[in-house]
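Residue-level listing of the chains:
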Amino acid sequence: MSEQQSSYRQIMKTTSIFGGVQVFQIIIGIVRSKFIAVLLVPLGMGISGLLSTTVGFISALTSFGLSTSAVKDISGAYSTGNQTRVATIVIVFSRWVWVTGLLGTILTIILSPWLSQITFGNHDYTWAFILISVTLLLNQISGGQGVLLRGMRQVGYMAKSGMIGSVLGLITTIPLYYIWGIKGIVPAIIITAVTSLFLTWYFARKLNVESVYVSKARTIAEGKGMLKMGFLISLSGLITLGASYIVRIFIGRTGGVDQVGLYNAGFAIINTYVGMIFTAMGTDYYPRLSAIANSNKECSRTINQQAEIALLILAPVIMVFLVFINWVVILLYSKRFMPVNDMILYAALGMFFKAASWAVAFVFLAKGASKLFFWNELITNIYLLALNIAGYYYWGLTGLGISFLAAYIFYLVQVYIVASRKFEFSFSKEFYQIFILQFLFASGCFLIMKWVPKPTSYLAGSSLIVLSAIHAYWELNKRLDIKSIITSLKQRF
């Protein structure tokens, strides 16, 4: 087996494990979303989305990006095999997680009246913010445990934690919505955070980390590097969430809270059900890229491999959503959510550009170029916010899908130019061939669903889905030798 083929298989191995977890979570999510859509209706989903977005904004402000910056430090130490160094970083990181988590909780409690006023235009949700403030500490600790698993490449533990968490989330939250309706939103948010903390703690304690003494002085000294890089990442995340927060507030004030619920539901489909590929791949991709960050050539090769696999897996999935979006929305939610259909169609095309730019943008973090990452994300969020507001103002929910597509076209061009100049990156010929052909298939599906009457559109669109899947299989087989994998599995069983 060649080194290149081995690298492709490593990508697919991680993707298949977490892809399986994602599929399982999607099945659970379908059931959960269906219950929530019926029990909470768009208004309840809007309230839940505004509460979660606001708390997420505070979390981005106070977490200092530790969950991202520490992955680089932990994975780097773990790759050397120096267990004492790993243990030192883990202890330092864990202490800072507690500090930042408590900071977030206290700040949310203090600001709760203002948060309620700014978010909802009244003080009715002050106690809601006070109660869910504890989730900032719980989620920060839980995220910290997850970083340990991710940095040490414990794929199995992470997969188990995700699957069990999905089941427990369904069992514990749905009864609350059924009994209390909208009043069950706050207890559900808290219980979800507690469940996540328990699971990550359970699996993180299985790691063989040495017990070493780390003084307070060293905790501060070692933590400076994490906090320095993490601060800019956190600031970037804060700006991203702030832009998202402003968009939701604008939608709520212009079109009503139920429009916020529709917006949240539409992008939940894109980010959860289509974007599962990013979640599955990103789990292992960032630590792997960080380990080879000193070599521009190796980084370029890895980025191209990741982008190729992402597109080959993602493209047929996107086309299924393009062709059958009406049925997808009804299945996941209800007919009340049909106004998001056009928004999702445009956003689905945008996922092609997001996939390519996503693979490239990780190199800024892997290289430790936190300032470059910050300015890149700041510029992106400025034009994304402008496009979102303009899009909704002129074309409503559909305009938000158009703005998503336009923003990621700009973003791909932007990250490519920066990465090529700073890190000698370039897309391979194979990547361009895959991207162009699969995007043409998807564009065909889009045009068919917009202009061809039903049921002819379903037949024509399905034909393009089949062609996309055949091409994806052919390209994957060239990279992975799927036949030999199947043969080895047969021999094993």
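Note that this is a predicted model, so its numbers are computed, not measured. (Residues numbered from 1 in each chain as written. Predicted model: local features only at pLDDT ≥ 70, side-chain atom pairs only at ≥ 80, totals over all residues. Heavy atoms only, no water.)

Visitor: I tried to follow the pattern of salt bridges on my own but got confused; where do I start?
Guide: Where charged atoms of side chains with opposite charge meet at close range, the side chains can pair. Overall, the coordinates contain three salt bridges when judged by the stated rule. Here arginine 301 and glutamate 298 are joined by a salt bridge, their closest N and O atoms 2.6 Å apart. A residue pair is termed a helical-turn pair when its members lie 3 or 4 positions apart in one helix, as arginine 301 and glutamate 298 do in helix H11 (residues 296-323) at three residues. As a salt-bridge pair, lysine 450 and aspartate 342 come within 3.8 Å of each other at their nearest N and O atoms. (Salt bridge = Lys/Arg side-chain N within 4 Å of Asp/Glu carboxyl O. Helix = DSSP H or I, 4+ residues; strand = E, 2+ residues; numbered from the N terminus.)

Visitor: Mind showing me how you'd approach unusual backbone geometry here?
Guide: Backbone phi values are negative for most residues with the exception of glycine, while trans is the configuration of most peptide bonds. Lysine 454 connects to proline 455 through a cis peptide bond whose omega is 5°. Relative to the elements of secondary structure, proline 455 occurs in the loop between helix H15 (429-451) and helix H16 (456-480). Positioned with a positive phi, glutamate 424 is a non-glycine residue whose angle comes to about 55°. In this structure, glutamate 424 sits in the loop between helix H14 (370-423) and H15.

Visitor: What exactly am I supposed to notice about the nonpolar core here?
Guide: Generally speaking, a soluble globular protein has its nonpolar side chains buried in company with each other. Formed by 113 residues in total, the largest nonpolar core has its most connected members in Leu51, Leu322 and Leu400. Residue contacts for leucine 400: discarding those within four places in its chain leaves Val247, Ile251, Tyr263, Phe267, Met343, Asn388, Gly391 and Tyr392. Membership of the second largest hydrophobic core comes to 23 residues, among which are Val92, Phe93, Val214 and Met226. (Core = buried A, V, L, I, M, F, W, Y, C linked by side-chain atoms within 4.5 Å. Buried < 20%, exposed > 50% of the residue type's maximum accessible area, 1.4 Å probe, protein only. Contact = heavy atoms within 4.5 Å.)

Visitor: What exactly am I supposed to notice about the side chain of threonine 108 here?
Guide: Within the element layout of this structure, threonine 108 appears in helix H3 (residues 83-120). Apart from the residues lying within four places of it in its own chain, the contact partners of threonine 108 are Ile58, Leu115, Phe129, Ser133 and Leu136.

Visitor: Would you explain the confidence of the model for the chain in this entry?
Guide: Low-confidence regions, as indicated by low pLDDT, have predicted coordinates that should not be scrutinised in detail. Taken over all residues, the pLDDT of the chain has a mean of 80, while the share at 70 or more is 80%. Ranking the elements of the chain by mean pLDDT puts helix H17 (residues 482-492) last with 59 and H15 first with 95. (pLDDT = per-residue confidence, 0-100.)

Visitor: Can you help me understand the packing of aromatic side chains in this one?
Guide: A complete count under the given rule lists 29 aromatic pairs for this structure. With a centroid separation of 5.2 Å and an interplanar angle of 70°, the aromatic rings of phenylalanine 374 and tryptophan 375 are classed as edge-to-face. For tryptophan 375, a relative accessible area of 51% corresponds to the exposed category. On the numbers, 5.8 Å between centres and 35° between planes, the contact of phenylalanine 431 with phenylalanine 435 is tilted. (Phe/Tyr/Trp six-rings, centres within 6.5 Å; stacked < 30°, edge-to-face > 60°.)

Visitor: Explain the packing of helix H12 (residues 325-332) against helix H13 (residues 341-366) here, please?
Guide: To characterise two packed helices, one gives the angle between the axes of the helices and the distance between these axes. Running from N to C, H12 and H13 point in directions that differ by 115°, and their axes come no closer than 10 Å. In the crossing of H12 with H13, the sense of the turn from one axis to the other is right-handed. Residues Ile325, Asn326 and Val329 of H12 pack against Asn341, Ile344 and Leu345 of H13. Tallied by class, the residues present in the contact of H12 with H13 amount to four nonpolar, two polar and no charged. (Axes fitted to C-alpha atoms, helices over the stretch in contact; angles between N-to-C directions. Left-handed = near helix turned anticlockwise from the far one by under 90°. Nonpolar A, V, L, I, M, F, W, Y, C, P; charged D, E, K, R; others polar.)

Visitor: Whenever I open this one, the environment of lysine 450 confuses me. Can you help?
Guide: Mapped onto the secondary structure, lysine 450 falls in helix H15. Along the chain, lysine 450 and aspartate 342 lie 108 residues apart, while their C-alpha atoms are 8.9 Å from each other. The contacts of lysine 450, once residues within four sequence positions are left out, are Asp342, Leu345 and Tyr346.

Visitor: I tried to follow the environment of arginine 85 on my own but got confused; where do I start?
Guide: Mapping arginine 85 onto the fold places it in helix H3. In this structure the C-alpha to C-alpha distance between arginine 85 and valine 212, which are 127 residues apart in sequence, comes to 9.5 Å.

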